[in-house]
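Observations on the three-dimensional arrangement
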Amino acid sequence: SDYSQEPPRHPFLKINSKQPFNAEPPRSALVSSYVTPVDFFYKRNHGPIPVVDDIERYSVSISGLIDNPIELFMKDIWKLPKYVVTATLQCAGNRRTAMSNVKKVRGVGWDVSAIGNAVWGGAKLADVLELVGISNFTGTTNSGGKHVEFISIDKCKEENGGPYKASIPLSQATNPEADVLLAYDMNGEPLNRDHGYPLRVVVPGVIGARSVKWLDSINIIAEECQGFFMQKDYKMFAPSVNWDNINWSTRKPQMDFPVQCAICSLEDVAAVKPGKVKVSGYAASGGGRGIERIDVSVDGGKTWVETFRHQKTGVPYIADDMSSDKWAWVLFEVIVDVSRSTEIVAKAVDSAANVQPENVLEIWNLRGILNTSWHRVKVQVGH
Ligand code: MTE
Ligand code: MO
């Protein structure tokens with residue numbers, strides 16, 4: 001494939017794979033602001049970044065199990081009501097390296113920064129689907145449509161050179177409350193090439209893999225998308241499943257992400273002076289669930305303290321409150337006393353009282369997705 005037209009990237013990014021380009025910011029960049037700057041937002045690709053240079057001619061077709069297929073140009077999409085949604089995108093492979101460290105998994109390695117929080121601007125997919133006569137569908141359309149497939153213009157080797165694709169249920173796509181966007185803005189600027197210029201899907205609360213970039217077409221279909229990334233990847237298997245006994249069809253494609261958190265103020269291993277240490281990081285849960293609590297331990301998990309949570313700087317966060325950003329992460333901080341070398345641990349609880357699992361082995365899976373085990377950082381106390 002042709003990687004001669006890749007966009008420029010910030011030199012601070014840690015590159016996990018060059019072609020396709022996969023990179024994440026240093027941990028500290030994630031906690032320096034609630035909204036992640038575009039330059040520091042992780043980049044997750046499966047092929048070269050497409051070049052769209054004629055914006056006037058760029059269009060998205062909507063077809064499949066509908067009566068009147070249409071073609072939308074950017075000017076048509078810009079005319080629809082614009083929604084601005086603050087939403088966290090997290091790759092299902094976030095924290096994969098730590099899972100692979102206990103027992104080898106396949107996939108691009110990631111530390112804790114395959115996640116970011118952005119302000120997405122665009123049209124609601126629900127409004128777009130209304131243009132083809134589909135609104136608020138909770139079952140099946142007359143023509144049998146149950147899923148909405150998003151097809152990109154990029155080329156991936158996993159699809160034998162074909163485009164990246166994914167689908168979501170029609171009920172979610174047509175529900176205005178689900179806030180699924182066809183986004184053309186990120187943090188108040190037009191999307192850049194790495195993040196899907198000129199138009200991408202943003203499915204809040206769902207693993208990043210379903211937020212298809214460089215959208216080419218939308219397809220109303222009866223069964224979920226049969227593409228590689230829906231059927232042969234991004235599924236959660238039991239620890240006993242290996243590459244010899246795997247049967248992909250036994251599991252559903254992963255959609256919502258589970259409750260997650262990570263410490264970002266300390267690298268592993270961190271050298272600190274004895275005394276007060278600031279521990280800060282992020283927590284997020286899928287499906288629009290808020291974060292009820294984030295606990296930190298300085299004795300490897302024997303005793304815990306509750307942390308201060310916020311979205312907007314200094315304003316205490318309240319889970320599932322009207323004033324909080326439903327689809328966005330929550331940052332936390334706490335000052336702890338550390339007198340000798342130890343392991344600092346963080347775990348989050350979401351508003352449905354889901355808790356992160358203690359150990360990575362019990363959620364180990366061969367593709368290394370959804371490592372949401374308690375986040376641990378070793379600190380070495382020196383004088
Ligand atoms: N869309 C296309 N067309 N091609 C891709 O490779 N990667 C997906 C998703 N959408 C991908 C895509 C995955 S796995 C993730 S985690 C997110 O995009 C990453 O989005 P970002 O690069 O904007 O952070
Ligand atoms: Mo991903």
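Residues numbered from 1 in each chain as written. Chains lettered and ligands numbered in written order. Predicted model: local features only at pLDDT ≥ 70, side-chain atom pairs only at ≥ 80, totals over all residues. Heavy atoms only, no water.

1. Here we look at the overall build of the chain
Per the secondary structure count, the chain includes six helices and 22 strands. On the principal axes, the C-alpha backbone points of the chain span a range of 70 × 50 × 45 Å. Burial status across the chain gives 55% buried among its 383 residues. When contacts within the chain are restricted to residue pairs at least 6 apart in sequence, long-range pairs at least 24 apart make up 71% of them. When the accessible surface of the chain is split by element, carbon and sulfur atoms take 50% of a total near 16,400 Å². Taken as two groups, the 42 positive and 43 negative side-chain charges of the chain have centres that lie 6 Å from each other. (Helix = DSSP H or I, 4+ residues; strand = E, 2+ residues; numbered from the N terminus. Buried < 20%, exposed > 50% of the residue type's maximum accessible area, 1.4 Å probe, protein only. Contact = heavy atoms within 4.5 Å. Areas by Shrake-Rupley, 256 points an atom, 1.4 Å probe, with all protein chains shown as cover. Lys, Arg positive; Asp, Glu negative; His and termini not counted. Charge placed at Lys NZ, Arg CZ, Asp CG, Glu CD.)

2. A short note on the site of ligand 1
In the region of ligand 1, 20 residues are neighbours, and H46, D154, H195, R200 and K213 sit closest. One of the side-chain N or O atoms of D154 is found 2.7 Å from a nitrogen atom in ligand 1. In the model, a nitrogen atom of ligand 1 is placed 3.0 Å from a nitrogen or oxygen of the S211 main chain. Surface burial for ligand 1 is 100%, taken as the share of its 530 Å² of free accessible area covered by protein chains. In terms of residue class, the shell around ligand 1 is made up of nine nonpolar, six polar and five charged. (Near = heavy atom within 4 Å. Polar contact = N/O pair within 3.5 Å; in protein donor to acceptor, adjacent residues only side chain to side chain. Nonpolar A, V, L, I, M, F, W, Y, C, P; charged D, E, K, R; others polar.)

3. Regarding the pairing of strand β16 (residues 275–284)
Taken across its ten residues, β16 has eight buried, putting it largely inside the fold. The pairing of strand β14 (residues 260–263) with β16 spans four bridges and is classified as antiparallel. Paired with C261 across the strands is A283, a residue of β16. (Pairing = 2+ DSSP bridges.)

4. A few points about the sheet that holds strand β19 (residues 308–310)
Read from one edge of the open sheet, four strands run β14-β16-β20-β19, paired in antiparallel fashion. The sheet is open, and its two edges are formed by β14 and β19, each paired on a single side. Ignoring strand direction, the axes of neighbouring strands in this sheet form an average angle of 25 degrees. (Axes fitted to C-alpha atoms, helices over the stretch in contact; angles between N-to-C directions.)

5. Regarding unusual backbone geometry
The step from Q19 to P20 runs through a cis peptide bond, and the omega angle for that step is 0 degrees. Within the secondary structure, P20 is located in the loop between β1 (14–17) and β2 (22–24). Along the chain, D268 connects to V269 via a cis peptide bond; the corresponding omega equals 5 degrees. Tracing the backbone shows V269 in the loop between β14 and β15 (270–272). Positive phi values are uncommon outside glycine, yet R95 reaches one of about 70 degrees. Among the secondary structure elements, R95 is positioned in the loop between β6 (83–90) and α3 (96–102). Residue R95 is classed as buried on the basis of its relative accessible area of 3%. Phi is positive for A353, close to 65 degrees, though the residue is something other than glycine.

6. Quick word on the domain arrangement of the chain
Domain boundaries in the chain define domain 1 (14–250) and domain 2 (260–381). The centre of domain 1, based on its C-alpha atoms, is set 26 Å off from the matching centre of domain 2. Contacts between the two partners involve 47 residues from domain 1 and, on the opposite side, 40 residues from domain 2. Across the domain 1 to domain 2 interface the summed buried area is about 3,600 Å²; carbon plus sulfur atoms make up 60%. (Domains from an automatic or database assignment. Buried area = accessible area lost by both parts, 1.4 Å probe.)

7. Brief notes about the sheet that holds strand β22 (residues 375–381)
If you trace the five strands from one edge of the open sheet to the other, you get β15-β22-β21-β17-β18, paired in mixed fashion. The open sheet has two edge strands, β15 and β18 (305–306), and neither has a second partner. Looking at chain direction, β15 and β22 are connected through three bridges and run parallel. Within β22, the position partnered with V272 by the bridge is V381.

8. Some words on the packing of aromatic side chains
Counting across every chain of the model gives eleven aromatic pairs. Measuring from centroid to centroid gives 5.2 Å for F228 and F229, while their planes differ by 80 degrees, and the two rings are edge-to-face. Here the aromatic rings of F237 and W248 are separated by 5.3 Å at their centres, their planes lie at 85 degrees, and the arrangement is edge-to-face. Of this pair, F237 sits in the loop between α6 (228–231) and β14 while W248 sits in the loop between α6 and β14; the two residues are eleven residues apart in sequence, bridging distant segments of the chain. In this pair, the class of F237 matches that of W248, namely buried. Among the aromatic residues, those joined into a cluster by ring pairs are F41, Y42, W110 and W120. Above the face of the F21 ring, R9 is positioned so that its terminal group lies 3.8 Å from the ring centre. Lying across the ring of W243, R106 places its NZ or CZ 4.0 Å from the centre. (Phe/Tyr/Trp six-rings, centres within 6.5 Å; stacked < 30°, edge-to-face > 60°. Lys NZ or Arg CZ within 6 Å of the ring centre and 35° of its normal.)

9. Examining the pattern of salt bridges
Scanning all chains against the criterion turns up 17 salt bridges. Residue D295 pairs with R293 through a salt bridge whose shortest N-O separation is 2.7 Å. Two residues, R376 and E343, come together in a salt bridge whose shortest N-O distance is 3.1 Å. In this pair, R376 sits in strand β22 while E343 sits in strand β21 (residues 342–350), placing the two residues 33 residues apart along the sequence. Among the residues examined, R376 registers a relative accessible area of 25% and is labelled partly exposed. One network of salt bridges, in which partners are shared, links K14, R27, D111 and E267. (Salt bridge = Lys/Arg side-chain N within 4 Å of Asp/Glu carboxyl O.)

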